[in-house]
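# Report on the structure
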Amino acid sequence: MPFVRIFPLRISGQYHDSRTYKARLFYDIESQGELIKDRDCEVFFKKGANPVHPWRLQVGRHSSDLSDYKTFMDSLCFYIFHELRYFLETNEDQMQSFYIAIDFKDVHFSVFSETQLSED
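Anyway, here's the lowdown on the structure attached to this text. Fair warning: this is a prediction, and the values are worked out from it, not measured in the lab.

## Brief notes about the overall build of the protein
Summing up its helical and strand segments, the protein has three helices and six strands in all. In sequence order, the protein lays out its α and β elements as β-β-β-β-α-α-β-β-α. For 120 residues, the compact-globule formula gives about 14 Å, and the C-alpha radius of gyration of the protein, at 15 Å, lands near that figure. With the C-alpha coordinates of the protein rotated into their principal frame, the extents come out at 45 × 30 × 25 Å. Counting all 120 residues of the protein, 35% fall into the buried class. When the accessible surface of the protein is split by element, carbon and sulfur atoms take 46% of a total near 7,500 Å². Across the protein, the 14 positively charged side chains and the 19 negatively charged ones have centroids separated by 4 Å.

Here it is as structure tokens:
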């Protein structure tokens, strides 16, 4: 699946550990004109040391649909925090009671699989 359009629908999740939120990303994906609806995968918001872009979004281990699309995950993370201006709690006590709920409206990402590009 070298080129796809990914339509994120929503992300929901909660505290996992002192630097991580665990969530589910619900999305539709289109490849070669075929729309595959109602997909979901495990994702993690991980806090790093960068003060400007502290959060990273990573696909869970068993989520093969999106595991080759690091560029999409980076773009989605940027979109969430810089375009939507979403805020995540950073204090561990507050993180434990904070629930992530983001609904996306009319947005999609056109991406290439990085593994496919490197194999050509």
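## Topic: unusual backbone geometry
Despite not being glycine, Gln 32 shows a phi value in the positive range, around 50 degrees. Note on placement: Gln 32 falls in the loop between β2 (20-31) and β3 (34-47). At Asp 106, a position not held by glycine, the phi torsion is positive, near 50 degrees. Following the sequence through the fold, Asp 106 ends up in the loop between β5 (99-103) and β6 (109-112). We classify Asp 106 as exposed; its relative accessible area is 87%.

## Overview of the state of the cysteines
Per the counting criterion, the structure on display carries zero disulfides. The thiol of Cys 41 is not disulfide-bonded; the next cysteine sulfur, from Cys 77, is found 14 Å away. Given a relative accessible area of 7%, Cys 77 falls into the buried group.

## Let's talk about the side chain of Asp 28
Looking at the secondary structure, you find Asp 28 in strand β2. Overall, the relative accessible area of 7% leaves Asp 28 in the buried class. In terms of polar contacts, Asp 28 uses its side chain to reach the backbone amide nitrogen of Asp 38, at 2.9 Å. Residues in contact with Asp 28, not counting those within four places in the same chain, are Arg 5, Ile 6, Phe 7, Leu 9, Leu 35, Ile 36, Lys 37 and Asp 38.

## Considerations on the pattern of salt bridges
Overall, the coordinates contain five salt bridges when judged by the stated rule. Taking the shortest distance from any N to any O, the salt bridge between Lys 37 and Asp 28 comes out at 3.7 Å. For the salt bridge of Lys 70 with Asp 74, the shortest nitrogen-to-oxygen distance reads 2.7 Å. Within this pair, Lys 70 and its partner Asp 74 are both found in helix α1 (residues 70-83), separated by four residues, close to a single helical turn.

About the criteria used
Residues numbered from 1 in each chain as written. Predicted model: local features only at pLDDT ≥ 70, side-chain atom pairs only at ≥ 80, totals over all residues. Heavy atoms only, no water. Helix = DSSP H or I, 4+ residues; strand = E, 2+ residues; numbered from the N terminus. Rg over C-alpha atoms; globule rule 2.2 N^0.38 Å. Buried < 20%, exposed > 50% of the residue type's maximum accessible area, 1.4 Å probe, protein only. Areas by Shrake-Rupley, 256 points an atom, 1.4 Å probe, with all protein chains shown as cover. Lys, Arg positive; Asp, Glu negative; His and termini not counted. Charge placed at Lys NZ, Arg CZ, Asp CG, Glu CD. Disulfide = S-S within 2.5 Å. Polar contact = N/O pair within 3.5 Å; in protein donor to acceptor, adjacent residues only side chain to side chain. Contact = heavy atoms within 4.5 Å. Salt bridge = Lys/Arg side-chain N within 4 Å of Asp/Glu carboxyl O.

Just geometry here; none of it tells us what the structure is for.
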